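Structure at a glance
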Amino acid sequence: MLRSTERFSSRVENYSKYRPGYPAAVLELLRAQCALAPGSSVADMGSGTGILTALLLESGAEVLAIEPNHEMRAAAEKLLGGHSRFRSVAGTAEATTLPAGSAELVVAGQAFHWFDVHAARAEFMRVLKPGGWVALIANERPPELTAFLADYEALLRRHAAEYDQIRSLRVDETRIREFFGGRCEPTTFPNRQIFDFERLEGLLLSSSYAPEPGHPEHEPLLAGLSQVFERHQRAGQVVFPYQTLVYWGRLEQR
């Protein structure tokens, strides 16, 4: 497998265009439970192309976007570089380069599963101000799959060898509880995207486990995707449902 910091270098355009955003209710939760407010200093770990960063900027926060991948960081800088409260930082969740006590809130959107739990936890605690908060946010498929999603996942299992391995990492509650130092339950919000075939294909190809052009499974994957789309589309569109999970709290001392 490619290193996690390199996996999306060739997928940036699709990632920027087709990955889901986060519902506004996420901001409301962070305001109510994690003291997010205008002027708050927020470190967005594994900020990628700036999807969560852009939402945080809407709250009036000062956002430090920490991203190790050059191509993804450049995409975020192109999108958000003119914003006075945005700062792009070449760093990792385990080694941010930020000064100690520089953030009131640390977040990670669709990125925690790539982190080294122990090293990231130590770095988050170093970077946070006393009493600071952490929120881990992810868009995941609902536990009860629609007929479309069941067919979509079956397609991935046939043609994307890394799919199950990566999916098993994404929301591992044992790792998340270990990270927080205790029991932590998610707050869940509904979310969804509506796709024509071009956008659905772009979403699939933004995934790090999707075989790229030249791989023997690439063309069979896309042919199968077309069949799945035709089987489930209504008026040329399919609905891709998600649940947005937010694990939030303070990091307990051990």
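The following refers to the structure shown. Just so we're clear, the structure is a prediction, and the values are computed from it rather than from any experiment. Counting restarts for each chain: residues are numbered from 1 in the order of the written sequence. Restriction of local features to residues with pLDDT of at least 70 applies here, the model being predicted, together with a cutoff of 80 or more for giving and counting side-chain atom pairs; totals for whole chains, interfaces and linings are based on all residues. As a rule here, side-chain values cover all heavy atoms of the structure and leave hydrogens and water aside.

Description of the overall build of the protein chain
Put simply, the rule reads: By the criteria applied, helices consist of DSSP H or I runs no shorter than four residues and strands consist of E runs no shorter than two, each listed in order from the N terminus. Here the globule rule is a power law, 2.2 Å times the number of residues to the power 0.38, and the radius of gyration is based on C-alpha atoms. Only protein chains enter the accessibility calculation, which uses a 1.4 Å probe; a residue whose area is less than 20% of its type maximum is buried, one above 50% is exposed, and one in between is partly exposed.
Scanning the protein chain from N- to C-terminus turns up ten helices and seven strands. Relative to its length of 254 residues, the protein chain is compact, with a C-alpha radius of gyration of 18 Å against a globular reference of 18 Å. Overall, the C-alpha framework of the protein chain stretches about 55 × 35 × 35 Å when taken along its three principal axes. For the protein chain, with 254 residues in total, the buried portion stands at 52%.

Description of the packing of aromatic side chains
Note the following rule: Pairing of aromatic rings covers Phe, Tyr and Trp, the last counted by its six-membered ring, and requires centre-to-centre distances within 6.5 Å; plane angles under 30 degrees mean stacked, over 60 mean edge-to-face, and any other angle means tilted.
Inspection of every chain in the model, using the stated rule, returns 13 aromatic pairs. Ring centres of Tyr152 and Phe240 lie 5.3 Å apart, and the angle between their planes is 85 degrees; on these two criteria the pair is classed as edge-to-face. Of this pair, Tyr152 sits in helix 6 (residues 147–159) while Phe240 sits in strand 7 (residues 238–249), and the two are 88 residues apart along the sequence. On the basis of relative accessible area, Phe240 is assigned to the buried category, the value being 0%. Following the ring pairs from residue to residue traces out a cluster consisting of Phe112, Phe115, Phe124, Phe179 and Phe180.

As for the sheet that holds strand 2 (residues 62–66)
For clarity, the threshold we go by: Should DSSP find at least two bridges between two strands, the strands are taken to pair. Note on definitions: angles span 0 to 180 degrees between N-to-C directions of axes, and those axes are lines fitted to C-alpha atoms, for helices only across the stretch in contact.
If you walk across this open sheet you meet the seven strands as 3-2-1-4-5-7-6, and the pairing is mixed. Because the sheet does not close on itself, it has two edges, and the strands there are strand 3 (86–89) and strand 6 (187–195). The mean angle between the axes of side-by-side strands here comes to 20 degrees, regardless of whether they run parallel or antiparallel. In terms of strand pairing, strand 6 meets strand 7 through nine bridges, oriented antiparallel. Paired with Asn191 across the strands is Tyr242, a residue of strand 7.

A short note on the packing of helix 6 against helix 10 (residues 218–232)
Threshold: Any angle from 65 to 115 degrees is called roughly perpendicular, while one under 35 is roughly parallel, one over 145 is roughly antiparallel, and all others are oblique. In what follows, residue pairs with any heavy atoms lying within 4.5 Å of each other are defined as contacts.
One can describe the packing of helix 6 onto helix 10 by two numbers: an axis separation of 10 Å at closest approach and a directional angle of 170 degrees. It follows that helix 6 is roughly antiparallel to helix 10 by the angle criterion. Facing helix 6, whose interface residues are Ala147, Phe148, Asp151, Tyr152, Leu155, Leu156 and His159, helix 10 presents Pro220, Leu221, Gly224, Leu225, Val228, Arg231 and His232.

Section: the environment of Tyr22
With respect to the secondary-structure elements, Tyr22 resides in the loop between helix 1 (12–18) and helix 2 (24–34). Its relative accessible area of 13% is what places Tyr22 among the buried residues. When the C-alpha positions of Tyr22 and Leu52 are compared, they lie 7.1 Å apart, and in sequence the two are 30 residues distant. Apart from residues no more than four positions distant in its own chain, Tyr22 is found in contact with Ile51, Leu52, Leu55, Gly109, Gln110, Ile137, Asn139, Asn191 and Thr244.

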